[in-house]
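Take a look at the letters that make up each chain.
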Amino acid sequence: MYNKKSRVSAIMAITNAALFIGFMIMFSTLTYNAEKGGLSAAFFIFLFGAYGSVLVYASAIPFVLVSLIFGINMLFHKTREKLISYNKRLLIATCVLLPFIALGLTYVAELFLMSAINLFSGIYTFFIGALYVAGLITQIVTIVVLKKSSEESTATDSSN
């Protein structure tokens, strides 16, 4: 019964993790169009390239791990307390990593504008950011719904 209520949150967490894995792969294989940006683009990439890459990977890797672990656990556990616990932990991780992922996505969006495949990567970056926020909202809604739902034991006791 409770597993159905948290299934959307679990699927959203796993989807976010998969998209971030694709994002990190795409980010590591970027090629830059030197004709577009000129000297300022080269300076920006040289100055912020190492720090931006570290920021993207240092924030995305923990989020991917936490999302996969708790998302898979939410799909298999059926007790209300466990599902609330997993959603709370995932919500905490999402909120803690939010500023770092936002800075990383902002940095990457700037680099994607200078890359050779800017249209697809820009759409992909926007989609990841929107899905991240949607996942955050889904986790909050799931926690509220699970807390407001009645206990299974009291529902079966009152029916006897």
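Look above for the structure.
Residues numbered from 1 in each chain as written. Predicted model: local features only at pLDDT ≥ 70, side-chain atom pairs only at ≥ 80, totals over all residues. Heavy atoms only, no water.

Peer 1: Explain the packing of aromatic side chains to me, please; I cannot follow it from the model alone.
Peer 2: A ring pair, where both rings are aromatic, is described by two values, the distance of the centres and the angle of the planes. Tallied over the full model, the rule gives 6 aromatic pairs. Each ring, one from Phe-20 and one from Phe-63, has its centre 5.4 Å from the other, and the planes form 70°; the classification is edge-to-face. Here Phe-63 lies in helix H2 (residues 34-76) and Phe-20 lies in helix H1 (residues 2-28), a separation of 43 residues in the sequence. For the residue pair Phe-20 and Phe-63, the accessibility class agrees, reading buried in each case. Arranged with centres 6.1 Å apart and planes meeting at 80°, the rings of Phe-20 and Tyr-132 form a pair that is edge-to-face. Note that Phe-20 is positioned in helix H1 and Tyr-132 in helix H4 (residues 118-148), a separation of 112 residues in sequence. (Phe/Tyr/Trp six-rings, centres within 6.5 Å; stacked < 30°, edge-to-face > 60°. Helix = DSSP H or I, 4+ residues; strand = E, 2+ residues; numbered from the N terminus. Buried < 20%, exposed > 50% of the residue type's maximum accessible area, 1.4 Å probe, protein only.)

Peer 1: Help me out: how do you make sense of the nonpolar core in this one?
Peer 2: Ranked by size, the top nonpolar core spans 21 residues in total, and within it Phe-20, Phe-23, Ile-101 and Ile-128 carry the most contacts. Looking at this core, the elements that each hand over two or more residues are H1, H2, helix H3 (80-114) and H4. When residues no more than four places from it in sequence are discounted, the contact partners of Phe-20 are Ala-60, Phe-63, Val-64, Ile-101, Ile-128 and Tyr-132. If you look at the next biggest cluster of nonpolar residues, it comprises 9 residues, including Ala-13, Phe-70, Ile-84 and Tyr-86. (Core = buried A, V, L, I, M, F, W, Y, C linked by side-chain atoms within 4.5 Å. Contact = heavy atoms within 4.5 Å.)

Peer 1: Please explain a nonpolar patch on the surface as it appears in this structure.
Peer 2: Nonpolar side chains collect at one region of the surface, where Val-133, Ile-137, Val-141 and Val-145 lie side by side and expose about 310 Å² of accessible area between them. With respect to the helices and strands, Val-133 occurs in helix H4. With a relative accessible area of 39%, Val-133 lands in the partly exposed category. (Patch = residues over 30% accessible without salt bridge, like charges linked within 9 Å, V, L, I, M, F, W, Y side chains within 5 Å. Areas by Shrake-Rupley, 256 points an atom, 1.4 Å probe, with all protein chains shown as cover. Salt bridge = Lys/Arg side-chain N within 4 Å of Asp/Glu carboxyl O.)

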